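# Tertiary structure, described
For reference, the chains in residue letters:
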Amino acid sequence: MSKIIVKSLKYKYPLTEALALNGLTFQIERGEFIGIIGRNGAGKSTLCAALSGLVPHFFKGAYGGSILIDGINVKESKLSDIARKVGIVFQNPFTQMTGAKDSVTEELAFGMENLAIPKTEMVRRIDDALRLLEIENLRDKNPFELSGGQMQRVAIASILVMLPEVIVLDEPTSQLDPQGTEEVFKAIKRLSNQGMTIIMVEHKTEKIAEYADRVMLLDQGQIVAFDPPAKLFSLSNLEERGVRPPVFTRVAKGLDIHDQVGLYPVTLESTVNEVQKVYESH
Ligand SMILES: Nc1ncnc2c1ncn2[C@@H]1O[C@H](COP(=O)(O)OP(=O)(O)O)[C@@H](O)[C@H]1O
Ligand SMILES: [Mg+2]
């Protein structure tokens, strides 16, 4: 069975007219890295909230359809039970910090202390998370003295120590510089390689094209397309949907450089490959 099964999901915030999510049906397999793109107001954050149970358990409103995660129905389950399966990381790592801890290690221990997890197990999980996110050197630092990319990785580590099977990230790199962005993407890729299911809202389409297995394009609370990056970014009407394809794809479209089935390259590597083929054929 798929990791996540969503059927006819509809949702409307209280006191609003329009549906924020308007009939979403899709499945995500264990270990997939999914990118979510779409213009402002498309419903990306609302979908993240629905996958992590904040909709409808925190944000009330009208809810229809279903989300099953590992067989548990999000609507019928307690938020604390959903949180054990799905971790959520927000845009601004500041909001994710407790603000009460003097070191990264204490910050990471916080959520586990609330669950009364034994000390040795806590230490093991913290060590694993620090290693996986390549922030072992930060363990004694004050969380608020870190760079953006470092702080966001601490935020991800604080989710990771709870051992979720799915991590949902809502624009985790939008406040980061290119280096911080790269650090976060590399770290998330490592989690994905370990079999964790990743769902990430992200505007940087170059990065999504490089890292995601499939990309979901949302508009007006509906799925426009849900395909591998090369297929999705080869669609012709993306700008009208508020999405800027990767720079490589825009150049290749301009030069009409595509593969045998008409798909445009979406990464630097695939662009170089296609250009080489053009030269070799002359
Ligand atoms: N807390 C809220 N209360 C009422 N409406 C909301 C709330 N959050 C988002 N919306 C509305 O839901 C729709 C989807 O928003 P959102 O999921 O935030 O889009 P995105 O993350 O793609 O920018 C928009 O029309 C937005 O105005
Ligand atoms: Mg949003």
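Structure: see above.
Let us look at the structure shown here. Since the model is a prediction, treat every value here as computed from it, not as a measurement. (Residues numbered from 1 in each chain as written. Chains lettered and ligands numbered in written order. Predicted model: local features only at pLDDT ≥ 70, side-chain atom pairs only at ≥ 80, totals over all residues. Heavy atoms only, no water.)

Now for the site of ligand 1. The full set of residues close to ligand 1 is Tyr13, Thr16, Ala20, Arg39, Asn40, Gly41, Ala42, Gly43, Lys44, Ser45 and Thr46. In this structure, a nitrogen atom belonging to ligand 1 sits 3.5 Å away from a side-chain N or O atom of Tyr13. In this structure, an oxygen atom belonging to ligand 1 sits 2.7 Å away from a main-chain N or O atom of Gly41. Coverage of ligand 1 by the protein chains reaches 61% of its 560 Å² of free accessible surface. Residue classes in the shell around ligand 1 are distributed as 3 nonpolar, 6 polar and 2 charged. (Near = heavy atom within 4 Å. Polar contact = N/O pair within 3.5 Å; in protein donor to acceptor, adjacent residues only side chain to side chain. Areas by Shrake-Rupley, 256 points an atom, 1.4 Å probe, with all protein chains shown as cover. Nonpolar A, V, L, I, M, F, W, Y, C, P; charged D, E, K, R; others polar.)

Within the open sheet, the 4 strands sit side by side as E2-E1-E4-E5. Their pairing is antiparallel. Edge strands, defined here as strands with exactly one partner in the open sheet, are strand E2 (21–28) and strand E5 (72–73). Relative to E2, strand E1 (residues 4–12) runs antiparallel, the two being bridged by 6 bridges. What sits directly across from Tyr11, in E2, is Leu21. (Pairing = 2+ DSSP bridges. Helix = DSSP H or I, 4+ residues; strand = E, 2+ residues; numbered from the N terminus.)

Within the fold, Glu171 resides in the loop between strand E7 (166–170) and helix H8 (178–193). Put simply, Glu171 is tucked away with no salt bridge, and the nearest opposite charge, on Lys44, sits 4.9 Å away. Within the structure, the side chain of Glu171 is placed 3.4 Å from the side chain of Gln91, a separation counted as a polar contact. Non-local contacts of Glu171, meaning those with residues more than four positions away in its chain, are made with Lys44, Gln91, Val201 and His203. (Buried < 20%, exposed > 50% of the residue type's maximum accessible area, 1.4 Å probe, protein only. Lys, Arg positive; Asp, Glu negative; His and termini not counted. Salt bridge = Lys/Arg side-chain N within 4 Å of Asp/Glu carboxyl O. Contact = heavy atoms within 4.5 Å.)

With that settled, the discussion passes to the packing of aromatic side chains. Counted according to the given criterion, the structure contains 6 aromatic pairs. Measuring from ring centre to ring centre gives 5.0 Å for Tyr11 and Tyr13, while their planes differ by 75°; the resulting arrangement is edge-to-face. Residue class for Tyr13 comes out partly exposed when judged on its relative accessible area of 25%. Pairwise contacts between aromatic rings join Tyr11, Tyr13, Phe58 and Phe59 into one cluster. (Phe/Tyr/Trp six-rings, centres within 6.5 Å; stacked < 30°, edge-to-face > 60°.)

Further remarks concern the pairing of strand E10 (residues 222–227). Note: strand E9 (residues 214–219) against E10, 5 bridges, orientation antiparallel. Counterpart to Met216 in the pairing with E10 is Phe226. Where E9 hands over to E10, the hairpin turn is made up of 2 residues, of which Gln220 adopts a positive phi near 50°.

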